[in-house]
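One letter stands for each residue in the lines below.
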Amino acid sequence: MATEQKTDPRTTQGDTDGSGDVAHYARKEDVTRAAIEGGLVTALCGAKFQPVRDPTRFPVCRPCARLLDQLDNRSFS
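Conventions we followed
All residue numbers refer to positions counted from 1 along the written sequence of the respective chain. Local features in this predicted model are restricted to residues of pLDDT 70 or higher, and side-chain atom pairs are both shown and tallied only at a pLDDT of 80 or more, whereas totals for entire chains, interfaces and linings draw on every residue. Note: side-chain values were computed over all heavy atoms of the structure, leaving out hydrogens and water. Helix and strand assignments come from DSSP, with helices taken as H or I runs of at least 4 residues and strands as E runs of at least 2, each series counted from the N terminus. As used in this record, nonpolar core signifies buried Ala, Val, Leu, Ile, Met, Phe, Trp, Tyr and Cys residues forming a set joined through side-chain atoms within 4.5 Å. Throughout, exposure labels follow a simple rule: accessible area from a 1.4 Å probe, protein chains only, divided by the maximum for the residue type, with under 20% read as buried, over 50% as exposed, and the rest as partly exposed. In this description, contact between two residues means that some pair of their heavy atoms is separated by no more than 4.5 Å.

**Student:** Got a minute to help me understand the environment of phenylalanine 58 in this structure?
**Tutor:** Inspection of the secondary structure assignment puts phenylalanine 58 in the loop between strand 2 (48–49) and helix 2 (62–75). Distance in space between the C-alpha atoms of phenylalanine 58 and alanine 23 is 5.6 Å, their sequence separation being 35 residues.

**Student:** Explain the nonpolar core here, please?
**Tutor:** For soluble globular proteins, the rule of thumb is that nonpolar side chains tend to be buried together. Counting residues in each nonpolar core, the largest one holds seven residues, listed as Val22, Ala34, Val41, Ala43, Phe49, Cys61 and Cys64. Contacts of alanine 34, omitting those with residues within four sequence positions, involve Gly39, Val41 and Pro51.

**Student:** Teacher, can you tell me more about helix 1 (residues 28–37) here?
**Tutor:** Because each turn of an α-helix spans 3.6 residues, side chains separated by three or four positions end up pointing in the same direction. Sparse coverage of helix 1 is indicated by the burial of one of its 10 residues. Among the residues trailing helix 1, glycine 38 stands out with phi positive, at a value near 90 degrees.

Shape is all these values report; function is a separate question.
The following block contains the structure:
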C-alpha cells in the first residue's frame, strides 16, 4: 500500500516585504537610522519600508524615480 505525502508550504520572513518588491528612494539619514535602530522609513512615494534587504536586487520604484527626477530638475532650474 502506497502512502501519499502532502506538504504544507510555510512562508517565512524573507528579505522582501511585499510592498511591490521594489527598491525605494528615501533620505539617507532615515535609512541609516532605521538600519541601526530598527523601524520604518518613509520613501519618496510615501511607502513605508524596513531597510533590511539589498536594494540592488530589485527594480527601482517608478513613483520614487519620477519624484527624484522632479526634485533634481527643480534644483538646477
